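A closer look at the structure
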Amino acid sequence: MFTINSYPSKIKTIAHAQKIRMNVLPFRFEPAAPTAGTNTHVNLFLCGDWRLGSAPEGAALYDEIPDNCTAITLDTTELEQWDSSLMIGLLQLARRCEEEQITLDTSSAPESLQQLLNLAISIPPYQPPAQKPPLPLAERIHKGALAHWQTFAHSLMFIGDISLACNNWVRGKADTRRQDLVFFIDQAGPRALPIVTLIALLVGMILAYLGSVQLRQLGAQIYIADLVAVGMVREMGALMIAVIMAGRTGAAYAAQLGTMQVNEEIDALKTMGISTIEFLVLPRLLALVLIMPILCIYADVVGIIGGALIATSMDVNLLQYILQTQGAITWSDIFAGLIKSVCFGILIAIAGCQAGINCGRNSDAVGMAATNAVVRAIVYLVIADAAFNVLFDHVNI
Amino acid sequence: MDTKPFISVRDLSIGYGDRVVQEKLSFDIRQNDIFFIIGGSGCGKTTLLKHMIGLIAPSKGEVLYNGVNLYEADPETRLSLLKSWGITYQSGALFSSMTLAENVALPLQIYTDLSERQIAETVAYKLALVGLAGYESFYPAEISGGMHKRAGLARAIALDPQLLFFDEPSAGLDPISSLRLDQLIIQVCEALGSTAIIVSHELPSILSIGTNCIVLDAQTKTMLDSGDPKELLHHSQQEKVRQFLSRAGTA
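What follows covers the overall build of chain A. Looking only at helices and strands, chain A features 13 helices and four strands. For a compact globule of 397 residues, the expected C-alpha radius of gyration is about 21 Å, and chain A comes in at 36 Å, more than 25% above that figure. Considered along the principal axes of its C-alpha atoms, chain A spans approximately 115 × 55 × 45 Å. Residues counted as buried form 36% of the 397 residues belonging to chain A. Restricting the contact set of chain A to residue pairs at least 6 apart, pairs at least 24 apart contribute 84%.

Encoded structure:
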């Protein structure tokens, strides 16, 4: 890291000493009074050009301070062009002189040089607080567990706040704007149709291919319709829509709210007495709750069409496929898919909004919030889907 | 002082797309000027700065740097011009994923052949110059707004630029910090022989350190007057300009 103090203080190589003797370096130390016997007071002659790139390293100046020196007087009569490179050397020289109690007299230097030097040394360097000793293992485990518990508690509080906000909304007392709800429905629904169509169609085709590999061996291609219909309606329709929404809408929610956090817009809402949950989270959550079942049904239909495209290319009549599909799916299958999609919508909104609301105050944090939103949403989705399947199995849906 | 124009702005129209913010702007900036672009809020000061530093191409007119038109220059000339500038933005515009030292070191690493040690020394000096010695390993998120501005200045002066652009340098700073920043701008410009172009409506700064200025007006969409702000304060032909600048005397 960039700390000048971490460098060795006295590095005097032979080559360096030779440069001094050959007057290659643009400075030299000379006794102020040659007849005095002890060279405790020296003049530092700066000469020639000091330019970034061609000037010696800053440490070169203090490396050459003669032993037993107590006072240095700067002489700039031979100095020509200079820039920051000279100041870098002088700043380090000044700090070294202060440490070793050597008097540095810069009064004969140009005024601008003195001003810059004074400016740089007028504020003492920031001293970081002493590092605390590492905590014992038990304490570290305790702190880690506590942090996880707090995260969990915050999530529960966030869900609790959303519940209260929903209650207020039902009673018509929430700070939720209708135009926001319409805007987010438009964002999550119609604008997502192209990607939903593409993914659902391909998933339907994949399911059909998957089934056809086995079913063709038995001459039972007609059951491709059953596989695609049940697979899309009960499982893949809701799950694939949820994955798309987690990546598209959940991440967008996190980025939007995160940017609002960075711009202090959320602080402004709080100080206006407006509930951030009702104003920001609720319209997003309601939009997903309303739009997810519709998208799920749409994806089911498109997926079944995708399956039909494959099935009809495998000697299955289109009418047969439709009739087989009708017979394969029941209302409970459709109901199961819709229940899942609503629940997935809630989970995606919670993951996205919570990541956004808890975002830090810089651009990195916004990126991290978007990533967290997607990762959390997908984890929630998989857990919830597994739980739903177990539950539906138990209640024979 | 060299009277030959260092920067010439000729019949410049600025704006965003079809929306014209200012037009018929013509003025000169001499070497070593502390030049202020002043005017009320929303008159287009920052927009003019963005046109001057190459962020937005003008719809009409030209900006000449020592006779070179930034927008018509070949990529090599344009790059050499950009390298000779230092720009500080309103918020500091520090890269949040980098420490202060890494932020200041970035132009040195890209544009110079300095060794790691020389870069480290330069960074330490530049940060010390703006009063941030010891903060090398801090991230932008860990420092205050005033420190952001100073760190932004340290990055802007990393390459000892000939030309320094400041966008509202004193905004949000306390009077002492603002005064210190003014002194710093003067001292850096004097020591490095740099010219400063400052967008501001901080009248104490304008009158204390400005050597030249233009006053923009949102209503007429052009500049009202130009010259030494201390002269304009009492002798401008435009009453609006005198009123604008005299608020400093009463403040």
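Right, let's talk about the pairing of strand E2 (residues 41-50) of chain A for a bit. Residue and element names in this part refer to chain A. Here strand E1 (residues 27-31) runs beside E2; their pairing, made up of five bridges, is antiparallel. By the bridge assignment, Phe27 is partnered in E2 with Leu46. Taken together, the eight bridges between E2 and strand E3 (residues 71-82) define a ladder with parallel strand orientation. When the bridges of E3 are listed, His41 appears paired with Ala71.

Attention now goes to the sheet that holds E3 of chain A. Residues and elements named next belong to chain A. Here we have four strands laid out as an open sheet, ordered E1-E2-E3-E4, and mixed in their pairing. With one partner strand each, in any of the chains shown, E1 and strand E4 (103-105) form the two edges of the open sheet. Sheet twist, expressed as the mean angle between neighbouring strand axes with direction ignored, is 25°.

Turning our eyes to something else, we now look at the environment of Ala370 of chain A. Residue and element names in this part refer to chain A. With respect to the secondary-structure elements, Ala370 resides in helix H13 (residues 363-394). In this structure Ala370 comes out as buried when scored by C-beta crowding, with 23 C-beta atoms within 10 Å. Counting along the chain gives 54 residues from Ala370 to Val316, while the straight-line C-alpha distance between them is 45 Å. With near-sequence residues (within four places) excluded, Ala370 lies in contact with Ala251, Ala254 and Ala255.

This part covers the interface of chain A and chain B. How large an interface is tends to be reported as the accessible area lost when its parts come together. Listed by partner, the interface residues are 30 residues for chain A and 31 residues for chain B. Sorting the residues of the side of chain A that touches chain B by element identifies helix H3 (84-99), helix H4 (111-122) and H13 of chain A as the ones contributing at least two each. With six residues, the single largest contributor to the side of chain A that touches chain B is H4 of chain A. The residue inventory of the side of chain A that touches chain B, partitioned by class, reads 15 nonpolar, eleven polar and four charged.

Bringing the sheet that holds strand E1 (residues 5-16) of chain B into the picture now. Residue and element names in this part refer to chain B. As summarised here, the arrangement of the four strands in space is E2-E1-E4-E5, forming an open sheet in which the pairing is antiparallel. On the outer flanks of this sheet lie strand E2 (19-30) and strand E5 (68-69), each paired with one strand and no other. Strand direction decides the pairing type here: E1 and strand E4 (residues 60-65), joined by five bridges, are antiparallel. Within the sheet, the bridge partner assigned to Ile7 lies in E4 and is Tyr65. Strands in contact with helix H1 (residues 45-52) are E1, E2 and E4; relative to E1, the strand with the most contacts, it is inclined by about 120°.

This next bit is on the nonpolar core. Grouped together as the largest cluster of nonpolar side chains are 99 residues, with contacts concentrated most on Leu127 and Ala154 of chain B. Counting 71 residues, the second-largest nonpolar core is a separate cluster that includes Leu282, Ala308, Val316 and Ile357 of chain A.

In this section: the packing of H4 of chain A against helix H6 (residues 175-192) of chain B. Two quantities define a packed helix pair, namely the angle between the helix axes and the distance between the axes. The interhelical angle for the contact between H4 of chain A and H6 of chain B, taken along N-to-C directions, is 135°, at an axis separation of 9 Å. It follows from the interaxial angle that H4 of chain A and H6 of chain B lie oblique. The two elements H4 of chain A and H6 of chain B meet at a crossing, and its hand is left-handed. Counting all contacts with H4 of chain A, which are made through Ser112, Leu113, Gln115, Leu116 and Leu119 of chain A, the residues of H6 of chain B involved are Leu184, Gln187, Glu190 and Ala191 of chain B.

Before going further, it helps to spend a moment on the packing of helix H8 (residues 224-262) of chain A against H13 of chain A. Residues and elements named next belong to chain A. Between H8 and H13, the least distance of the axes is 8 Å, while the angle of their chain directions is 150°. The way H8 lies across H13 gives a crossing that is right-handed. Its residues assigned to classes, the contact of H8 with H13 shows 18 nonpolar, five polar and one charged.

What follows is about helix H4 (residues 116-129) of chain B. If you check H4 of chain B, its first and last C-alpha atoms are 20 Å apart, about what 14 residues at 1.5 Å a residue would give, namely 20 Å. Counting buried positions over the 14 residues of H4 of chain B gives eleven, a clear majority of the element. Inspection of H4 of chain B places Gln118, Ala120, Glu121, Thr122, Val123, Ala124, Tyr125, Lys126, Leu127, Ala128 and Leu129 of chain B among the buried residues, and these make up the whole buried set. The inward-facing, buried residues of H4 of chain B contact H3 and H4 of chain A together with helix H3 (100-111) and helix H5 (145-156) of chain B. A positive backbone phi angle near 80° is found at Gly131 of chain B, which sits one or two residues after H4 of chain B.

The rules behind each value
Residues numbered from 1 in each chain as written. Chains lettered and ligands numbered in written order. Predicted model: local features only at pLDDT ≥ 70, side-chain atom pairs only at ≥ 80, totals over all residues. Helix = DSSP H or I, 4+ residues; strand = E, 2+ residues; numbered from the N terminus. Rg over C-alpha atoms; globule rule 2.2 N^0.38 Å. Buried ≥ 20, exposed ≤ 12 C-beta atoms within 10 Å, placed from the backbone. Contact = placed C-beta atoms within 7 Å. Pairing = 2+ DSSP bridges. Axes fitted to C-alpha atoms, helices over the stretch in contact; angles between N-to-C directions. Nonpolar A, V, L, I, M, F, W, Y, C, P; charged D, E, K, R; others polar. Core = buried A, V, L, I, M, F, W, Y, C linked by C-beta atoms within 7 Å. Parallel < 35°, antiparallel > 145°, perpendicular 65-115°, else oblique. Left-handed = near helix turned anticlockwise from the far one by under 90°. Expected span 1.5 Å × (residues − 1).

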